[in-house]
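Descriptive structure summary
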Amino acid sequence: MGRKRRKIIRRPPRRIPRVYYCPLCNQQSVTVVNVTTYSAEVSCGSCGTTHVVPWYRSSMPVDAYSTWYDVVTGRRKAEEVEAEVERLRQLYEGVPEGVIEAVAEAGEAEGVGESAEASRVPEAGEAPSESFELSPQEEDGGEEDEAGR
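This report concerns the structure included in the present document. Computed from a predicted model, the values in this text were never measured in an experiment.

**Notes on the pattern of salt bridges**
Summed over all chains, the structure comprises 4 salt bridges. Between Glu86 and Arg89 there is a salt bridge, with the nearest N and O atoms lying 2.3 Å from each other. Taken as a pair, Glu86 and Arg89 lie in helix H2 (residues 78-93) at a separation of 3 residues, close to a single helical turn. Through salt bridges with shared partners, a single network forms among Glu86, Arg89 and Glu93.

Next up, the structure:
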């Protein structure tokens, strides 16, 4: 006879919260709202403190909250954060939405074998870095050479 098997108890992973504590009013009422391509608005529902913070492709709501918390508590200056949002706005201003989504999808599928230069989006008026040219054999209609290759 063997001994009795132990029951395995699995703990569910801890989730990242969506509502945070406000350091000014000490209430759990801070949420991240109005997320755009380059910025997010973080506001407290009870005291009304609101700031716009930078939002990156890889950001999560907790990242926006931590930036907001730094501004509210005085660790970072509000002007510094506003300048970062403005820089991101200017960066994304001339880029069409479809290109931003395509670049985001390419970043998610990283490791496919593309280099950073190959996935770079050419600027307005700039020719693509890779040009598609036919080899002399293909131009002639795909005929085989003398060696039969």
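**Observations concerning unusual backbone geometry**
Trans is the prevailing form of peptide bonds, just as negative phi is the prevailing case for residues other than glycine. Positive phi outside glycine occurs at Asn26, with the angle close to 60°. By the element assignment, Asn26 lies in the loop between strand E1 (20-21) and strand E2 (28-33). When its relative accessible area of 62% is taken as the criterion, Asn26 is described as exposed.

**Section: a nonpolar patch on the surface**
A surface patch of nonpolar side chains, amounting to about 240 Å² of accessible area, comprises Ile16, Met60 and Val62. Here Val62 lies in helix H1 (residues 61-73).

**Topic: the nonpolar core**
Grouped burial of nonpolar side chains is what soluble globular proteins tend to show. Val30, Val32, Ala40, Val42, Val53, Ala64 and Trp68 are the most contacted members of the largest nonpolar core, which has 15 residues in total. At the level of secondary structure, the elements contributing two or more residues to this core comprise E2, strand E3 (39-44) and H1. Of all the elements, H1 adds the most residues to this core, at 5 residues. If we ignore the near neighbours within four places in the chain, the residues touching Ala64 are Val32, Ala40, Val42, Val53 and Trp55.

**Some remarks on the pairing of E2**
In terms of strand pairing, E1 meets E2 through 2 bridges, oriented antiparallel. Looking at the pairing, Tyr21 lines up with Gln28 of E2. Counted along the chain from E1 to the antiparallel partner E2, the turn is 6 residues long, and its residue Asn26 has a positive phi close to 60°. Direction of pairing for E2 relative to E3: antiparallel, over a ladder of 4 bridges. Bridged to Thr31 within E3 is Ser43. Where E2 hands over to E3, the hairpin turn is made up of 5 residues, of which Asn34 adopts a positive phi near 55°.

What counts, and where the lines are drawn
Residues numbered from 1 in each chain as written. Predicted model: local features only at pLDDT ≥ 70, side-chain atom pairs only at ≥ 80, totals over all residues. Heavy atoms only, no water. Salt bridge = Lys/Arg side-chain N within 4 Å of Asp/Glu carboxyl O. Helix = DSSP H or I, 4+ residues; strand = E, 2+ residues; numbered from the N terminus. Buried < 20%, exposed > 50% of the residue type's maximum accessible area, 1.4 Å probe, protein only. Patch = residues over 30% accessible without salt bridge, like charges linked within 9 Å, V, L, I, M, F, W, Y side chains within 5 Å. Areas by Shrake-Rupley, 256 points an atom, 1.4 Å probe, with all protein chains shown as cover. Core = buried A, V, L, I, M, F, W, Y, C linked by side-chain atoms within 4.5 Å. Contact = heavy atoms within 4.5 Å. Pairing = 2+ DSSP bridges.

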